[in-house]
Amino acid sequence: MRKVVKKQVLLQGNEACVEGALMAGCRFYAGYPITPATEIMEIMAEKMPETGGVFIQMEDEIASLGAVIGASLAGMKSMTATSGPGFSLMQEHIGFAGMAEVPCVIVDVMRAGPSTGLPTQLSQGDVMQARWGTHGDHPIIVLAPSSVYEFFELTVQAFNLSERYRTPVILLVDEVVAHMREGVILPAKNSLEIEERPHPTVPPEWYIPYADPGTGVPPMPAFGDGYRYHVTGLYHDVRGYPTVRTDEVEPLIHRLFTKISKDFDRLQWFDAFETEDARVTVIAYGCVARAAHRAVRQAREKGLKVGLIKLKILWPFMRRTISGILANSQKVLVPELNVGQISREVKRVNESRCEVVTLNKVDGTPIKPAEILQKLGEIYS
Amino acid sequence: MRQTEHLVHKYLRSSKRFPHIWCAGCGIGIFMQALIRVIDQNEYSKDDIVLISGIGCSGRLPVYVDFNTLHTTHGRALTFATGIKLANPRLKVITVMGDGDAVAIGGNHFIHAARRNVEIASFVLNNSVYGMTGGQSSPTTPYGVITASAPYGNLEPDFDICRLAEAAGAVFVARATVYHTQLLDRLIDKALKKKGAAVVEVVSQCTTYAGHFLKLKSPVDMMKWQKNNSVTVEKAKQQSEAELEGKIVIGVLVDRERPSYHEQYQSLLAEKSKI
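This section reports on the structure supplied with the text. (Residues numbered from 1 in each chain as written. Chains lettered and ligands numbered in written order. Predicted model: local features only at pLDDT ≥ 70, side-chain atom pairs only at ≥ 80, totals over all residues. Heavy atoms only, no water.)

1. Structural notes on the overall build of chain A
- When its secondary structure is counted, chain A shows 12 helices and 15 strands.
- A compact globule built from 381 residues should have a C-alpha radius of gyration of about 21 Å, and chain A, at 21 Å, falls within 12% of that.
- Over its C-alpha atoms, taken along the principal directions, chain A stretches across nearly 70 × 50 × 50 Å.
- Per-residue burial over chain A gives 61% buried out of 381 residues.
- When the accessible surface of chain A is summed, it comes to about 14,800 Å², and 52% of that surface belongs to carbon and sulfur atoms.
- Across chain A, 40 positive and 44 negative side-chain charges occur, with their mean positions spaced 6 Å apart. (Helix = DSSP H or I, 4+ residues; strand = E, 2+ residues; numbered from the N terminus. Rg over C-alpha atoms; globule rule 2.2 N^0.38 Å. Buried < 20%, exposed > 50% of the residue type's maximum accessible area, 1.4 Å probe, protein only. Areas by Shrake-Rupley, 256 points an atom, 1.4 Å probe, with all protein chains shown as cover. Lys, Arg positive; Asp, Glu negative; His and termini not counted. Charge placed at Lys NZ, Arg CZ, Asp CG, Glu CD.)

2. Here's the deal with unusual backbone geometry
All names here are of chain A.
- Across the junction of Gly113 and Pro114, the peptide omega takes the value 5°, indicating a cis bond.
- Here Pro114 lies in the loop between strand E5 (104-109) and helix H5 (127-132).
- For the bond from Trp315 to Pro316, the omega torsion is -5°, close enough to zero to count as cis.
- Inspection of the secondary structure assignment puts Pro316 in the loop between strand E13 (313-315) and helix H10 (319-328).

3. What about the packing of helix H1 (residues 13-24) of chain A against helix H6 (residues 148-165) of chain A?
Residue and element names in this part refer to chain A.
- Between H1 and H6, the shortest axis-to-axis distance is 7 Å and the interhelical angle comes to 30°. Here the hand of the crossing between H1 and H6 comes out right-handed. Judged by residue contacts, Gly13, Asn14, Ala16, Cys17, Glu19, Gly20, Ala21, Met23 and Ala24 of H1 engage Val148, Phe151, Phe152, Thr155, Val156 and Phe159 from H6.
- Here the contact of H1 with H6 is composed, by residue class, of 10 nonpolar, 4 polar and 1 charged. (Axes fitted to C-alpha atoms, helices over the stretch in contact; angles between N-to-C directions. Left-handed = near helix turned anticlockwise from the far one by under 90°. Contact = heavy atoms within 4.5 Å. Nonpolar A, V, L, I, M, F, W, Y, C, P; charged D, E, K, R; others polar.)

4. What about the state of the cysteines?
Residue and element names in this part refer to chain A.
- According to the stated counting rule, one finds 0 disulfides over all chains in the structure shown.
- Cysteine Cys26 shares no disulfide, and the gap to the nearest cysteine sulfur, in Cys17, comes to 8.9 Å.
- Residue classification places Cys26 among the buried positions, given a relative accessible area of 0%.
- The thiol of Cys287 is unpaired, and the distance to the nearest cysteine sulfur, on Cys17, comes to 17 Å.
- Exposure remark for Cys287: the relative accessible area of 9% places this residue in the buried category. (Disulfide = S-S within 2.5 Å.)

5. A look at the sheet that holds strand E15 (residues 355-360) of chain A
Residues and elements named next belong to chain A.
- Judged by pairing direction, the sheet is mixed, and its 5 strands sit side by side in the order E10-E12-E11-E14-E15 without closing on themselves. Single-partner strands in this sheet number two, and they are strand E10 (270-273) and E15. Taking each pair of neighbouring strands and ignoring which way they run, the sheet shows an average axis angle of 20°.
- Here 3 bridges tie strand E11 (residues 280-284) to strand E14 (residues 331-336), and the two strands are oriented parallel to one another. Residue Val280 lies in a different strand from E14, and its bridge partner there is Lys331.
- Strand contacts of helix H9 (residues 287-301): E10, E11, strand E12 (306-311) and E14, with the helix running at about 165° to E12, the strand carrying the most contacts. (Pairing = 2+ DSSP bridges.)

6. With respect to the interface of chain B and chain A
- At the interface, 42 residues of chain B touch 45 residues of chain A.
- In total, about 3,500 Å² of surface goes out of reach between chain B and chain A, with carbon and sulfur atoms giving 58% of it.
- Our enumeration of links across chain B and chain A arrives at 5 salt bridges.
- Our enumeration of links across chain B and chain A arrives at 20 residue pairs in polar contact (both at pLDDT 80 or more).
- Listed by contribution, the elements that provide at least two residues to the side of chain B that touches chain A are strand E2 (68-71), helix H2 (77-87), helix H4 (107-116) and helix H11 (261-272) of chain B.
- Counting residues per element, the side of chain B that touches chain A draws most heavily on H2(B), which supplies 7 residues.
- Grouping the constituent residues of the side of chain B that touches chain A by class yields 15 nonpolar, 15 polar and 12 charged.
- Examined bridge by bridge, strand E9 (residues 230-232) of chain A and E2(B) share 3 bridges and lie parallel to one another. When the sheet's bridge partners are listed, His230(A) is paired in E2(B) with Thr69(B). (Buried area = accessible area lost by both parts, 1.4 Å probe. Salt bridge = Lys/Arg side-chain N within 4 Å of Asp/Glu carboxyl O. Polar contact = N/O pair within 3.5 Å; in protein donor to acceptor, adjacent residues only side chain to side chain.)

7. Section: the packing of aromatic side chains
- Applying the stated criterion to the full structure yields 13 aromatic pairs over all chains.
- Between Phe31(B) and Phe123(B), the aromatic rings sit 5.3 Å apart at their centres with planes inclined by 45°, giving tilted as the arrangement. Here Phe123(B) lies in strand E4 (residues 121-126) and Phe31(B) lies in helix H1 (residues 28-41), a separation of 92 residues in the sequence.
- Under the relative-accessibility criterion, Phe31(B) is labelled buried at 0%.
- Following the ring pairs from residue to residue traces out a cluster consisting of Tyr207(A), Tyr210(A), Phe223(A), Tyr227(A) and Tyr229(A). (Phe/Tyr/Trp six-rings, centres within 6.5 Å; stacked < 30°, edge-to-face > 60°.)

8. Side note on the pairing of strand E3 (residues 54-57) of chain A
Residue and element names in this part refer to chain A.
- The sheet contact formed by strand E2 (residues 26-31) and E3 spans 4 bridges and is parallel. Note that in E3 the partner of Tyr29 across the bridge is Phe55.
- Between the parallel pair E2 and E3, the chain is carried across by helix H2 (residues 38-50), and the sense of this crossover is right-handed. (Right-handed = clockwise from strand over helix to strand, strands pointing away.)

What follows is the structure in structure tokens.
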């Protein structure tokens with residue numbers, strides 16, 4: 001028997017993202033250069049031709065996501081990557097992909113904003129834009145890695161969720177996670193579960209493109225497969241044709257939400273650290289969770305009963321998980337690199353059960369462990 | 001024997017609720033029928049055709065026909081088309097856009113699709129107005145005319161879509177009107193067979209809004225205007241610029257060869273692909 005030696009490799013976050021995309025089966029990348037996400041595009045430009053996939057540099061971010069959606073309709077797993085200003089431009093097509101139910105993955109390596117902001121510096125300011133950036137009511141899935149390996153792992157999962165639910169999935173990454181290098185051991189190619197979009201099993205003449213098969217996720221053929229159907233961003237009936245009938249509009253928007261909300265129990269992705277007996281629990285994500293982890297360890301050494309919940313999914317917001325924390329803690333601390341975006345959600349589900357304390361920084365620099373430790377000391381009682 | 005089934009019935013979607021949304025006398029239906037005629041003559045498989053549109057009156061065209069159809073966002077049809085063609089080069093990719101759609105909000109994509117030379121046949125239905133929103137000025141509205149958004153007269157010069165396509169690098173550029181249906185058929189045929197970015201401007205009429213501000217009362221008046229104001233490319237060569245002022249030059253304007261993006265990408269794949 002051959003012994004398989006797993007090799008540790010030194011990877012940058014953005015490199016790990018590309019590795020995850022390749023393992024998930026991504027074969028189409030369209031993008032536009034923007035700091036601090038550009039490495040993803042540059043590596044894709046090299047890797048896509050090697051894997052028989054397609055790379056194209058488009059004229060802007062609107063065009064990039066348009067091409068990504070087109071390629072996905074033609075049957076390819078597709079992605080793009082950008083930062084705040086480009087993410088703003090993509091909002092139009094994020095809405096289209098949601099409405100037309102076209103799987104795609106969008107990476108937003110956040111920079112401090114608004115507008116051109118601080119192009120190479122750190123922020124978590126796009127949490128609400130990722131949730132509500134495109135117009136109208138819509139569900140969305142947003143994942144947030146906090147290490148190089150997690151960026152790899154969550155990229156694979158982003159494709160899986162996107163295919164499973166036929167929905168755009170956003171990877172919301174901060175500049176530290178995107179640019180830092182860590183040693184990681186990548187899993188073997190066939191060791192990860194890779195999901196594919198559901199395909200129709202009926203002959204084309206029986207195919208009704210947007211009829212609910214019971215799972216909320218209709219089967220999706222590729223253009224050219226012989227299943228000719230219509231795709232539109234307009235409200236549509238089960239055949240995909242535009243409609244304004246209230247008895248067709250309401251069921252569509254209802255299905256778009258429930259195909260994801262029915263699985264909320266499956267979408268509670270977090271790491272818990274020392275939370276069992278914690279009187280104060282820190283809720284954090286991205287690079288801030290790393291600082292929080294150290295601060296909690298140091299506080300424990302001092303005898304403080306504190307814990308940490310690291311969020312891996314930001315949207316849909318993990319109400320069930322957070323409610324449990326709020327019920328068992330006296331106080332929670334939400335440190336964030338924005339003026340308080342996830343803390344708003346924590347307060348929303350808190351319903352005055354415990355005190356929610358915020359720690360915010362918006363100057364483009366990281367929140368240090370010492371700052372979180374100090375805050376924990378101040379609020380601990 | 002009386003013809004009871006028209007050719008278009010072979011291509012219209014039987015499951016789609018009709019009537020269509022276009023006004024009586026609109027030119028879009030004439031173009032749609034011409035496109036169907038040419039596709040039928042060439043015996044293209046319905047499964048291999050992807051018909052993509054943007055937003056506006058022209059944007060509603062794909063839903064009526066039985067191909068792989070995609071109604072995208074305003075001005076962005078060419079971006080989706082680019083992704084589809086590169087993901088599956090076997091497919092015949094066609095876009096239908098309006099004048100505002102293609103050269104106002106979609107101007108950037110229009111330029112770069114032509115420059116990149118992806119094999120996409122594009123048809124720009126130019127009726128000189130934003131019809132669906134109620135008759136506002138578009139980039140092809142003539143200077144000086146009164147529109148819903150220019151109550152004191154349009155202060156902007158109009159845009160020559162074909163010259164833009166030519167300058168940006170399209171390998172096939174042509175113009176017809178919906179009056180000249182035989183020419184229109186020939187140009188659609190050439191565009192569908194061109195290996196690269198092909199653009200055909202189809203001068204059409206909006207009888208509801210443009211007819212009003214151009215002082216042409218009926219669809220017949222508007223089509224007579226197309227007939228009387230058109231000059232073939234061959235005749236235009238013998239006329240001065242002053243003589244051609246306000247005229248519609250119809251025919252093949254550009255037909256040249258340049259490697260398409262996807263041909264070049266296929267060579268790159270042949271060289272680099274490790275699978």
